[in-house]
Amino acid sequence: MMAQHLHDHKALVESVLHDLPREEMLSDLADLFKLFGDTTRMRILFLLFESELCVCAIAELLHMTQSAISHQLKVLKQNKLVDCRREGKTIYYFLADDHVRTIIGQGYEHLTEERANEK
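Residues numbered from 1 in each chain as written. Predicted model: local features only at pLDDT ≥ 70, side-chain atom pairs only at ≥ 80, totals over all residues. Heavy atoms only, no water.

Remarks on helix 3 (residues 39-50)
Item 1. The end-to-end C-alpha distance of helix 3 is 17 Å, a good match for the 16 Å that 12 residues give at a rise of 1.5 Å each.
Item 2. Those residues of helix 3 lying buried are Thr40, Arg41, Ile44, Leu45, Leu47 and Leu48. Along the axis of helix 3, the buried positions cluster into a sector of 160°, meaning they face one direction only. In helix 3, the exposed positions that point more than 90 degrees away from the buried face belong to Thr39 and Glu50. (Helix = DSSP H or I, 4+ residues; strand = E, 2+ residues; numbered from the N terminus. Expected span 1.5 Å × (residues − 1). Buried < 20%, exposed > 50% of the residue type's maximum accessible area, 1.4 Å probe, protein only. Arc of directions from axis to C-beta.)

Following this line, the structure appears as C-alpha cells:
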C-alpha cells in the first residue's frame, strides 16, 4: 500500500478565493471577450487600430454594405470598444481607448509569437 502524501493547501485556496472577482464581473468579462469572437468585428477593430474611419471607408475596405458595418459599429459602440466624432455630416469611428488597443495588440502578438515558435 502506497503512502498517500497529503498537503495543506487551505491557505492557498483561501488566498485565491479572496482574489477571485465576483461572478458578475467574470460574466461581464466573458461577454467582453465574446465581442472579439466575431471576425467582422475584429476586422473593423483592426482597421480602427490603424486609423479613424467613416462607415463608408470601412465598408469599402471590407467589401461589405454600409448597413452591415453600421450594425457592427453599433454593437462595438454600445460595449464601449469604439467611439465616434462628427465632422459635418460624416461620423468618424475610432478605438474607444488604449485598453482596446492593448487587448487587440496583445492578442495579435500572442498569436504571431505562437506561430513563429511552430516553425
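What about a negative patch on the surface?
Item 1. On the surface, Glu109, Glu113, Glu114 and Glu118 cluster together into a patch of negative charge.
Item 2. Its place among the elements puts Glu109 in helix 6 (residues 98-118).
Item 3. Classification of Glu109 by relative accessible area gives partly exposed; the value is 44%. (Patch = residues over 30% accessible without salt bridge, like charges linked within 9 Å, V, L, I, M, F, W, Y side chains within 5 Å. Areas by Shrake-Rupley, 256 points an atom, 1.4 Å probe, with all protein chains shown as cover. Salt bridge = Lys/Arg side-chain N within 4 Å of Asp/Glu carboxyl O. Lys, Arg positive; Asp, Glu negative; His and termini not counted. Charge placed at Lys NZ, Arg CZ, Asp CG, Glu CD.)

Comments concerning the layout of surface pockets
Item 1. Approximately 180 Å³ is the volume attributed to the largest pocket.
Item 2. The wall of the largest pocket is formed by Phe33, Phe36, Met42, Phe46, Ile103, Ile104, Gly107, Tyr108, Leu111, Thr112 and Arg115.
Item 3. If you list the elements that add at least two residues to the lining of the largest pocket, you get helix 3 and helix 6.
Item 4. It is helix 6 that provides the largest number of residues to the lining of the largest pocket, a total of 7 residues.
Item 5. Of the residues assigned to the lining of the largest pocket, the class counts are 8 nonpolar, 2 polar and 1 charged. (1 Å grid on protein atoms, 1.4 Å probe; cavity = no way out; pocket = protein on both sides within 12 Å on 5 of 7 lines; lining within 4 Å. Points joined across faces, edges and corners; volume = space filled by probe spheres on them. Nonpolar A, V, L, I, M, F, W, Y, C, P; charged D, E, K, R; others polar.)

Here's the deal with the packing of aromatic side chains
Item 1. Counted under the stated rule, the structure contains 3 aromatic pairs.
Item 2. Consider the rings of Phe33 and Phe36, whose centres lie 6.2 Å apart with planes at 45°: the pair is tilted.
Item 3. Taking relative accessible area as the criterion, Phe33 reaches 46% and is therefore assigned partly exposed.
Item 4. Here the aromatic rings of Phe46 and Phe49 are separated by 5.9 Å at their centres, their planes lie at 35°, and the arrangement is tilted. (Phe/Tyr/Trp six-rings, centres within 6.5 Å; stacked < 30°, edge-to-face > 60°.)

With respect to the pattern of salt bridges
Item 1. Throughout the structure, instances matching the rule amount to 5 salt bridges.
Item 2. Residue Lys34 pairs with Asp31 through a salt bridge whose shortest N-O separation is 3.5 Å. Note that Lys34 and Asp31 are positioned in helix 2 (residues 23-35) at a spacing of 3 residues, about one turn of the helix.
Item 3. Glu87 is paired through a salt bridge with Arg85; the nearest N and O atoms lie 2.8 Å apart.
Item 4. Take Arg85: its relative accessible area is 32%, and that puts it in the partly exposed class.
Item 5. Each of the salt bridges in this network shares a partner with another, and the network as a whole consists of Glu52, Arg85 and Glu87.

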